[in-house]
Amino acid sequence: MGEGSLNNFVHTMIDEDIKNNKYQGRVHTRFPPEPNGYLHIGHAKSICLNFGTAKKYGGLCNLRFDDTNPSKEETEFVDSIMEDVKWLGFDWDDRLFYASDYFEQLYQFAVKLIQKGKAYVCELSPEKVREYRGTLKEPGKESPFRNRSIEENLTLFEKMRKGEFQDGSKVLRAKIDMSSGNLNMRDPVLYRIQKSEHHRTGNTWCIYPMYDFAHGQSDSIEGITHSVCTLEFEDHRPLYEWFLKELEIYAPRQIEFARLNLTYTVLSKRKLRALVEGKFVSGWNDPRMPTLSGIRRRGYTPEAIRNFCDMIGVSKSNSTVDFAMLEYCVREDLNKKAHRVMAVLDPIKVVITNYPEGQTELLDAENNPEDASMGSRKIPFSREIYIERDDFMENPPKKFHRLFPGGEVRLKFAYYIQCQEIVKNADGSIKEILCTYDPETKGGWSSDGRKVKGTIHWVSAVDALKAEARLYDLLFTKQNPDEVEEGKEFTDFLNPQSLEIKTIYVENTLKNAEIGQRYQFERKAYFCVDVESRKDALVFNRVVNLKDSWIKIQGKENP
RNA sequence: UGGGGUAUCGCCAAGCUGGCAAGGCAGCUGGUUUUGGUCCAGCCAUUCGGAGGUUCGAAUCCUUCUACCCCAGCCA
């Protein structure tokens, strides 16, 4: 949907509407978040669908905050939502709206309904309302206040607005059908009394419209053609349509699609909030969170997210997307964009015994083999270097083509080295590895046609910079953390290894790495400079590992 | 017999005017490679939740059964 190129059932419906000249060929959507939390990857699906659809059809998409419940909504959230939508790459131009913009209009709509004898003020307590509503299988009972006169309803409703009644003492209800199989049609509440301050209208109102009474009418006022929402609103559609019909106003078409579910994570505001409030993560923007702010900090790109939304499609079946698909999307994007750089995450020292002591030379290293225009850099090489601990094995298995006693490997961009000796500590662990290099192989090429099986990465010990690496992994150990047995909570399945902090060595060209910059640490993973990073204390977040087929081979050889 | 939905490869998902199952992810085989990365080539549903039926022919139409999801907030 980033390009609006893929088709889906929503587009099929729009195509029909266009063919039938419904809405005169217009396409106008909206993204309607409630500002009561941070946006997550599931919202990205909706954003891409709504803005993407508008783009595809040359239409418009509004950003509208559904702020009808003052007790839950805050300005902090509207700010973060706007930031996230922009970051994702979408623009609402001058069409920023709030349901609260329409409070007066909505009030007048309610008055109209009362005048038509289609709404009444009900004084049943919340408990009684529930009781009278009936159950899923049994019809409800009519409220004793259902047949008040229009005049009395008008007076009472006006007094509600004036603040003459206590919170919860009265509500305005639609008069529809207490025996409907669809509970939403059993005289739904339109307005409740809530004397709390609204983030935008302050204290000018003490009655607030319910979602059902605000959403469709807001869509109508804005001239929305296709009101796309998630599946759970499917049984609200008859009500959505009932209001527009009774109010005799322009009617958009509501279309429902399946919300996103992702393996190994949770995507409900309630649970995400619980993770933040329970300090299981550092905040809404913790790089392990599926929030857009978390994902952004982690190092995901908007392009990768948009591509992901294109890839997963849009349908009505309740599905759970494999987290691997998201990871595929970032790798694909970062492979093209990220500078390659060398970093050793788990160092072991190698001394090149025949290399002159105290000497340092600069070697050429290309920044991205996928894109020559990204140029090259100079990296320092010296007598002592660090290599990755698992790039050396004293007793290598078959097919291990890295460094081992007597073996020769290529140090990427540098020289061929051969392992001569292992120096151990008193406890038997390896202290350092002594190697010799072949001066004729500078740059990593040999003129005699000799072949080496492996190429490994390294950093010059004296030149390397120490840095902090935050290695993130899946937040949960369970594919579906929402599915918990009796007595357990979703937080019981948090992955204790979701964050590992290490001190690593990186090549000194990273000295001026800027916050938000993404790199590929050769042969390891993509990393992104964290917001907490400083010049003298670099911090890198692991975005995602590179694919590693060696672990597969290893598993097969040594089961 | 509450109402509303959904069922196509391990995971997403096309297909819906009936004509003989796209694509992606994952996986598997090979090839290229100064990243065991990328890239390239090949493989991966005789079958479309089950059972009947209509038809020369059905994932697509009809009947019926089954499974799963959503709804009893003065939340959205």
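Here we summarise the structure given alongside this text. (Residues numbered from 1 in each chain as written. Chains lettered and ligands numbered in written order. Predicted model: local features only at pLDDT ≥ 70, side-chain atom pairs only at ≥ 80, totals over all residues. Heavy atoms only, no water.)

Here we look at the pairing of strand β22 (residues 499-506)
Phase 1 of the analysis: Strand direction decides the pairing type here: strand β11 (residues 343-344) and β22, joined by two bridges, are antiparallel. Looking at the pairing, Val-344 lines up with Tyr-505 of β22.
Phase 2 of the analysis: Judged from the eight bridges that link them, strand β21 (residues 465-472) and β22 form a sheet pairing that is antiparallel. Residue pairing in the sheet places Arg-470 in a bridge with Ile-501 of β22. (Pairing = 2+ DSSP bridges. Helix = DSSP H or I, 4+ residues; strand = E, 2+ residues; numbered from the N terminus.)

Looking at the packing of helix α2 (residues 41-56) against helix α11 (residues 302-312)
Phase 1 of the analysis: Packing of α2 against α11 leaves a shortest axis separation of 9 Å and a crossing angle of 75°. One element, α2, and the other, α11, form an angle in the roughly perpendicular class. Residues Ile-41, Ala-44, Lys-45 and Cys-48 of α2 lie in contact with α11, whose contacting residues are Ile-305, Arg-306, Phe-308, Cys-309 and Ile-312.
Phase 2 of the analysis: Taken together, the residues of the contact of α2 with α11 sort by class into seven nonpolar, no polar and two charged. (Axes fitted to C-alpha atoms, helices over the stretch in contact; angles between N-to-C directions. Parallel < 35°, antiparallel > 145°, perpendicular 65-115°, else oblique. Contact = heavy atoms within 4.5 Å. Nonpolar A, V, L, I, M, F, W, Y, C, P; charged D, E, K, R; others polar.)

Section: α11
Phase 1 of the analysis: When α11 is considered as a whole, its buried residues turn out to be Pro-302, Ala-304, Ile-305, Phe-308, Cys-309 and Asp-310.
Phase 2 of the analysis: Note on α11: the residue one or two positions beyond its end, Gly-313, has a positive phi of about 75°. (Buried < 20%, exposed > 50% of the residue type's maximum accessible area, 1.4 Å probe, protein only.)

Describing the packing of aromatic side chains
Phase 1 of the analysis: Counted by the stated rule, this structure contains 24 aromatic pairs.
Phase 2 of the analysis: Between the aromatic rings of Phe-213 and Phe-243, the centroid separation amounts to 5.1 Å while the plane-to-plane angle is 85°, which identifies the pairing as edge-to-face. Of this pair, Phe-213 sits in helix α7 (residues 211-221) while Phe-243 sits in helix α8 (residues 237-246); the two residues are 30 residues apart in sequence, bridging distant segments of the chain. The pair formed by Phe-213 and Phe-243 is uniform in burial state, with each residue classed as buried.
Phase 3 of the analysis: Geometrically, the ring pair formed by Tyr-415 and Tyr-437 is edge-to-face, given 4.8 Å between the ring centres and 80° between the ring planes. Here Tyr-415 is found in the loop between β16 (408-411) and β17 (416-424), whereas its partner Tyr-437 is found in strand β18 (residues 430-438), with 22 residues between them in sequence. Accessibility assignment for this pair places Tyr-415 and Tyr-437 in one class, buried.
Phase 4 of the analysis: A network of ring pairs unites the aromatic residues Phe-103, Tyr-107, Phe-157, Tyr-191, Trp-205, Tyr-208, Phe-213, Trp-242 and Phe-243 as a single cluster.
Phase 5 of the analysis: In this structure, Arg-200 packs its charged tip against the face of Tyr-98, placed 3.6 Å from the ring centre.
Phase 6 of the analysis: The lysine or arginine in question, Arg-296, covers the ring of Trp-87, its NZ or CZ lying 5.2 Å from the ring centre. (Phe/Tyr/Trp six-rings, centres within 6.5 Å; stacked < 30°, edge-to-face > 60°. Lys NZ or Arg CZ within 6 Å of the ring centre and 35° of its normal.)

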